[in-house]
Amino acid sequence: DPKPHRQASTDFIDTNVLPDLKGFHSIAARLLVQEPGLFDRLKEVRTSKYDVSLIRCLETGLRNKGHAMVKTAGVVCCDEECYSVFKDVFNPVISKWHKGYDASGSHP
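The structure contained in this document is the topic of the report that follows. (Residues numbered from 1 in each chain as written. Predicted model: local features only at pLDDT ≥ 70, side-chain atom pairs only at ≥ 80, totals over all residues. Heavy atoms only, no water.)

Things to note about the overall build of the protein chain
Using the following cut-off: The helix count covers DSSP runs of H or I at least four residues long, the strand count covers runs of E at least two residues long, and both are numbered beginning at the N terminus. We call a residue buried when its accessible area falls under 20% of the maximum for its residue type, exposed when it is over 50%, and partly exposed in between, using a 1.4 Å probe and counting protein chains only. Only heavy atoms matter for contacts: two residues are in contact if any of them lie within 4.5 Å across the pair. Only the protein chains shown count as cover for residues, and the accessible areas themselves come from Shrake-Rupley with a 1.4 Å probe.
Across its full length, the protein chain holds six helices and zero strands. Counted from the first residue to the last, the protein chain has its helices and strands arranged as α-α-α-α-α-α. Within the span of the protein chain, comprising 108 residues, buried residues form 32% of the whole. Considering only residue pairs separated by 6 or more positions, the protein chain has 67% of its internal contacts joining residues 24 or more positions apart. As displayed, the protein chain offers around 7,100 Å² of accessible surface, 54% of which is attributable to carbon and sulfur atoms.

Shown next as structure tokens:
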């Protein structure tokens, strides 16, 4: 009986501890470096629908450091609640990715 992908996690996912973000080139990594208490404040919070944690949303950005010349978001929504539950991470990342698009804005 093969384990689901979710079970095949690395230590940072299992321990809910951020690695040293030096050398990471995503918008989310930059945000977390600039606001060091942000992750600690949200690390125990989970969405109610699928029990998603912030570290799970950050997983793709933590597995791939990226390149200084190619910025990525570094975070993904694992369910629709992530946008509101982790808005202190998603809103600034989305705003930066879309060059100033505000969370209260609407699509033209």
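Description of the state of the cysteines
Worth spelling out the cut-off: Cysteine sulfur pairs qualify as disulfides if the two atoms are within 2.5 Å.
Scanning all chains against the criterion turns up zero disulfides. Cys-82 supplies the cysteine sulfur nearest to Cys-57, a cysteine that is in no disulfide, at a spacing of 3.5 Å. Cysteine Cys-78 is unpaired, with the sulfur of Cys-57 as its nearest cysteine sulfur at 4.1 Å.

Some words on the environment of Cys-78
Looking at the element boundaries, Cys-78 is found in the loop between α4 (54–63) and α5 (82–85). Separated by 25 residues in the primary sequence, Cys-78 and Ser-53 place their C-alpha atoms 8.9 Å from one another. Aside from chain neighbours lying at most four places away, what touches Cys-78 is Val-52, Arg-56 and Cys-57.

Here's the deal with helix α2 (residues 27–34)
All of the buried residues along α2 are Ile-27, Ala-28, Ala-29, Leu-31 and Leu-32. As for α2, its buried residues are in contact with α3 (37–42), α4 and α6 (87–97).

Focus on the environment of Asp-20
Formally: Here a polar contact is taken to be a pair of N or O atoms separated by no more than 3.5 Å, where protein atoms must pair a possible hydrogen donor with a possible acceptor and residues adjacent in sequence count only if both atoms sit in side chains.
Along the polypeptide, Asp-20 turns up in the loop between α1 (11–15) and α2. Accessibility expressed as a relative area gives 53% for Asp-20, which makes it exposed. For Asp-20, the side chain forms a polar contact with the main-chain nitrogen of Lys-22, separated by 3.1 Å.

Looking at the packing of α2 against α6
Which entries qualify depends on this criterion: Axis definition: a line fit to C-alpha positions, over the contact stretch in the case of helices; interaxial angles, taken between N-to-C directions, run 0 to 180 degrees. Every angle not falling under 35 degrees, over 145, or within 65 to 115 is termed oblique; those three ranges are roughly parallel, roughly antiparallel and roughly perpendicular. Here is the rule for handedness: rotate from the far helix to the near one, and if that takes an anticlockwise turn smaller than a right angle the crossing is left-handed, while a clockwise turn gives right-handed. Residues are grouped as follows: Ala, Val, Leu, Ile, Met, Phe, Trp, Tyr, Cys and Pro are nonpolar; Asp, Glu, Lys and Arg are charged; all remaining types, including Gly, are polar.
In contact at an axis separation of 9 Å, α2 and α6 are set at 125° when each is read in the N-to-C sense. Taken as axis vectors, α2 and α6 run oblique relative to one another. The handedness of the crossing between α2 and α6 comes out as right-handed. Contacts from Ile-27, Ala-28, Arg-30 and Leu-31 in α2 reach Asp-88, Val-89, Pro-92, Val-93, Lys-96 and Trp-97 in α6. Among the residues forming the contact of α2 with α6, the class breakdown is seven nonpolar, no polar and three charged.

Some points on the side chain of Glu-81
Applied cut-off: The positive count covers Lys and Arg only, the negative count covers Asp and Glu only, and His and the chain ends enter neither. A pairing counts as a salt bridge when a side-chain nitrogen of Lys or Arg comes within 4 Å of a carboxyl oxygen of Asp or Glu.
Here Glu-81 is to be found in the loop between α4 and α5. For the buried Glu-81, no salt bridge is present, and the opposite-charge side chain at shortest range is Lys-49, 6.5 Å distant. Excluding its chain neighbours within four sequence positions, the residues that come into contact with Glu-81 are Thr-47, Ser-48 and Lys-49.

Focus: unusual backbone geometry
Even without being glycine, Asp-51 reaches a positive phi, approximately 60°. When you line up the elements, Asp-51 lands in the loop between α3 and α4. Judged by its relative accessible area of 40%, Asp-51 is partly exposed.

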